Amino acid sequence: MNYIAAQDAPLRNDGLIKLHGPAAFAGMRAAGRLAAETLDMIGPHVEPGVTTGELDALCHAFIVARGGVSAPLNYRGYPKTTCISLNHVVCHGIPGERKLRDSDILNIDVTPLLDGWHGDSSRMFVAGEPSVRARRLIEVTYQSLMYGCAAAKPGATTGDIGHAIQFYAEANRFSVVRDFCGHGTGQVFHDAPNIMHFGVRGSGVTLKPGMIFTIEPMINAGKFQVKILGDGWTAVTRDKSLSAQFEHSIGITETGCEIFTTSPRGLHLPKFD
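On a predicted model such as this, the values are computed, not experimentally measured, just so you know.

### Some points on helix α2 (residues 52-65)
- Given a rise of 1.5 Å per residue, 14 residues ought to cover 20 Å, and the 20 Å separating the end C-alpha atoms of α2 matches this to within 8%.
- Within the span of α2, buried status applies to Thr52, Leu55, Asp56, Cys59, Phe62 and Ile63. All buried residues of α2 lie within an arc of 130° about the axis, which places them on one face of the element.
- If you follow the buried residues of α2, they end up packed against α1 (22-42), β3 (69-70), β4 (83-86), β6 (105-110) and β7 (112-114).
- Remark: Gly67 follows α2 within two positions and exhibits a positive phi of approximately 85°.

What follows is the structure, encoded as structure tokens:
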């Protein structure tokens, strides 16, 4: 895998890994904060009776009011601002008329484009009171993400990230989805390299300061296999087991990583009673 200074690279995914400088990190901090603030805002609106379409509209208005643009909207034909994935939907759930029911769990994924930079992040939310199994799945998925972030440092590899996530998730008797991955980002929405959420220590791409990418593990309560529904977007668990996901955008620094999408209000996990 080849690396290139970001300022010398075209604004497209050409397979090269872009190494960014301080200005890019500043741009990602602003875009990442907007993503995090959007997810902070939407939390109180997640309750039984609200439609996923209404949640999507609130996120869209919030992003636009703060000078952002929704990167997912019309991306490869995707019709909405957010992806909202309920219960056994793994990712890319399309918001619509579905009303939330008590104990539904859902992932809301947002990517505001702000001044040319993509702030890509997602979190889990709960309408009402979750089941014990759902609550544990959410907690383990979040911790899996954080173990992945802790493994992201100069000299480590993408396989180290995947191993950290897989080891923790499987130790807690959950499974890691193989069909989707994290990705390079920045001024390009989806860029090199791919960040797998399972793997072998020491394998894959070596991490270098200036790399910017997402880590976004999808963890299932049952088996890891998924399928895509007829709309061409919605991915669900084949065994209809619950699925959860959290996502951060990060940058590799000289000593570790910087998380650009941390909640300003500390709202990383749903508040369980």
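Once you've had a look at it, read on.
### A closer look at the packing of aromatic side chains
- Applying the stated criterion to the full structure yields five aromatic pairs.
- When the centroid spacing of 5.4 Å and the interplanar angle of 80° are considered together, the rings of Phe25 and Phe260 count as edge-to-face. A residue pair is termed long-range when its members are at least 10 positions apart, and Phe25 in helix α1 and Phe260 in the segment after β19 (257-259) qualify at 235 residues.
- Ring centres of Tyr142 and Phe246 lie 5.3 Å apart, and the angle between their planes is 75°; on these two criteria the pair is classed as edge-to-face. Placement of the pair is Tyr142 in helix α3 (residues 132-150) and Phe246 in the loop between β17 (243-245) and β18 (248-252), with a sequence separation of 104 residues.
- For Phe246, a relative accessible area of 2% puts it in the buried group.

Calculation rules
- Residues numbered from 1 in each chain as written.
- Predicted model: local features only at pLDDT ≥ 70, side-chain atom pairs only at ≥ 80, totals over all residues.
- Heavy atoms only, no water.
- Helix = DSSP H or I, 4+ residues; strand = E, 2+ residues; numbered from the N terminus.
- Expected span 1.5 Å × (residues − 1).
- Buried < 20%, exposed > 50% of the residue type's maximum accessible area, 1.4 Å probe, protein only.
- Arc of directions from axis to C-beta.
- Contact = heavy atoms within 4.5 Å.
- Phe/Tyr/Trp six-rings, centres within 6.5 Å; stacked < 30°, edge-to-face > 60°.

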